[in-house]
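What follows is the residue order along each chain.
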Amino acid sequence: NNLPVVIFIGDGFYKDKIIELASRYKNIYYCKPVSPFELLNYSSSADFGLCLYENINLNHFYALPNKIFEYMMAEIPIIASNLYEISQFIEKNGLGIIIEPNTFNLIQAVFKIINFEESEFKEKIKKAKCVFNWENQEKIFTQIYKEL
């Protein structure tokens, strides 16, 4: 059985449905919320991360969620929605695959990403991780405040 394993962590609108599906399928798991300190341990064991936002408002359209940076720090490729900031950041840095949410493109993207040679994303993710981390961003943030 070579089915991809899917682990959902946390609470949300679909929690009950995920728990029900996890009881029926051996490759779907639900995990209660974990602390931010534990999250990287979970994420780094994954083959890829999902960041699937729907274009339902301007907040989603322009969002660049922490989840993107968590996956980058875990050094895993990302399958994400084709929304402005998310797609710009992922494509510019070569961090994963962009799809249209709520389509069968997700299934294609999963099989594409798990069949990619690991090194195709790994080097780009490591490079981005060295730039987009708190230690580097803190300097920029502090400089902006000093200029104000």
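Residues numbered from 1 in each chain as written. Predicted model: local features only at pLDDT ≥ 70, side-chain atom pairs only at ≥ 80, totals over all residues. Heavy atoms only, no water.

Can you walk me through the overall build of the protein in this structure?
A tally of helices and strands in the protein yields eight helices and five strands. Taken from the N to the C terminus, the helices and strands of the protein come in the order β-α-β-α-β-α-α-β-α-β-α-α-α. A compact globule built from 148 residues would reach a C-alpha radius of gyration of about 15 Å, and the protein, at 16 Å, matches this within 12%. Counting across all 148 residues of the protein, residues that qualify as buried make up 28%. The contacts in the protein between residues at least 6 apart in sequence include a share of 46% that link residues at least 24 apart. If you sum the accessible surface of the protein, you get close to 10,500 Å²; carbon and sulfur atoms cover 55% of it. Between the centroid of the 15 positive side chains of the protein and the centroid of its 18 negative side chains there is a distance of 2 Å. (Helix = DSSP H or I, 4+ residues; strand = E, 2+ residues; numbered from the N terminus. Rg over C-alpha atoms; globule rule 2.2 N^0.38 Å. Buried < 20%, exposed > 50% of the residue type's maximum accessible area, 1.4 Å probe, protein only. Contact = heavy atoms within 4.5 Å. Areas by Shrake-Rupley, 256 points an atom, 1.4 Å probe, with all protein chains shown as cover. Lys, Arg positive; Asp, Glu negative; His and termini not counted. Charge placed at Lys NZ, Arg CZ, Asp CG, Glu CD.)

Is there a simple way to explain the pattern of salt bridges in this structure?
Pairing is possible between side chains that carry opposite charge, provided their charged atoms lie close to one another. For the structure shown, the criterion picks out four salt bridges. Where aspartate 11 meets lysine 15, a salt bridge forms, and the shortest distance between an N and an O atom there is 3.3 Å. Residue class for aspartate 11 comes out exposed when judged on its relative accessible area of 57%. Exposure remark for lysine 15: the relative accessible area of 28% places this residue in the partly exposed category. The shortest N-O distance in the salt bridge between lysine 129 and glutamate 75 comes to 2.8 Å. (Salt bridge = Lys/Arg side-chain N within 4 Å of Asp/Glu carboxyl O.)

Explain the environment of valine 131 here, please?
Along the chain, valine 131 turns up in helix H7 (residues 118–131). Among the residues examined, valine 131 registers a relative accessible area of 40% and is labelled partly exposed.

What exactly am I supposed to notice about the packing of aromatic side chains here?
Between two aromatic rings, the relevant description is the distance of the centres plus the angle of the planes. On inspection of all chains with the given rule, the structure shows eight aromatic pairs. Here the aromatic rings of tryptophan 134 and phenylalanine 141 are separated by 6.3 Å at their centres, their planes lie at 55°, and the arrangement is tilted. Grouping aromatic residues by their ring pairs yields a cluster made of Phe61, Tyr62 and Tyr84. (Phe/Tyr/Trp six-rings, centres within 6.5 Å; stacked < 30°, edge-to-face > 60°.)

Got a minute to help me understand the sheet that holds strand E4 (residues 78–81) in this structure?
Backbone-to-backbone hydrogen bonds join strands into a sheet, with any given pair of strands oriented parallel or antiparallel. Judged by pairing direction, the sheet is parallel, and its three strands sit side by side in the order E3-E4-E5 without closing on themselves. The outermost strands of the open sheet, each flanked by one partner alone, are strand E3 (49–51) and strand E5 (96–99). The sheet shows a mean angle of 15° between the axes of neighbouring strands, taken without regard to direction. Where helix H4 (residues 66–73) meets the sheet, it contacts E3 and E4, and its direction lies at approximately 165° from that of E3. (Pairing = 2+ DSSP bridges. Axes fitted to C-alpha atoms, helices over the stretch in contact; angles between N-to-C directions.)

Hey, could you run me through helix H8 (residues 134–147) in this one?
Since the α-helix packs 3.6 residues into each turn, any two residues three or four apart lie on the same face. Helix length check: H8 (14 residues) gives 20 Å between terminal C-alpha atoms against 20 Å at 1.5 Å per residue, within 8%. One side-chain oxygen at the N-terminal end of H8 lies 3.1 Å from the backbone nitrogen of glutamate 135; it belongs to asparagine 133. (Expected span 1.5 Å × (residues − 1). Polar contact = N/O pair within 3.5 Å; in protein donor to acceptor, adjacent residues only side chain to side chain.)

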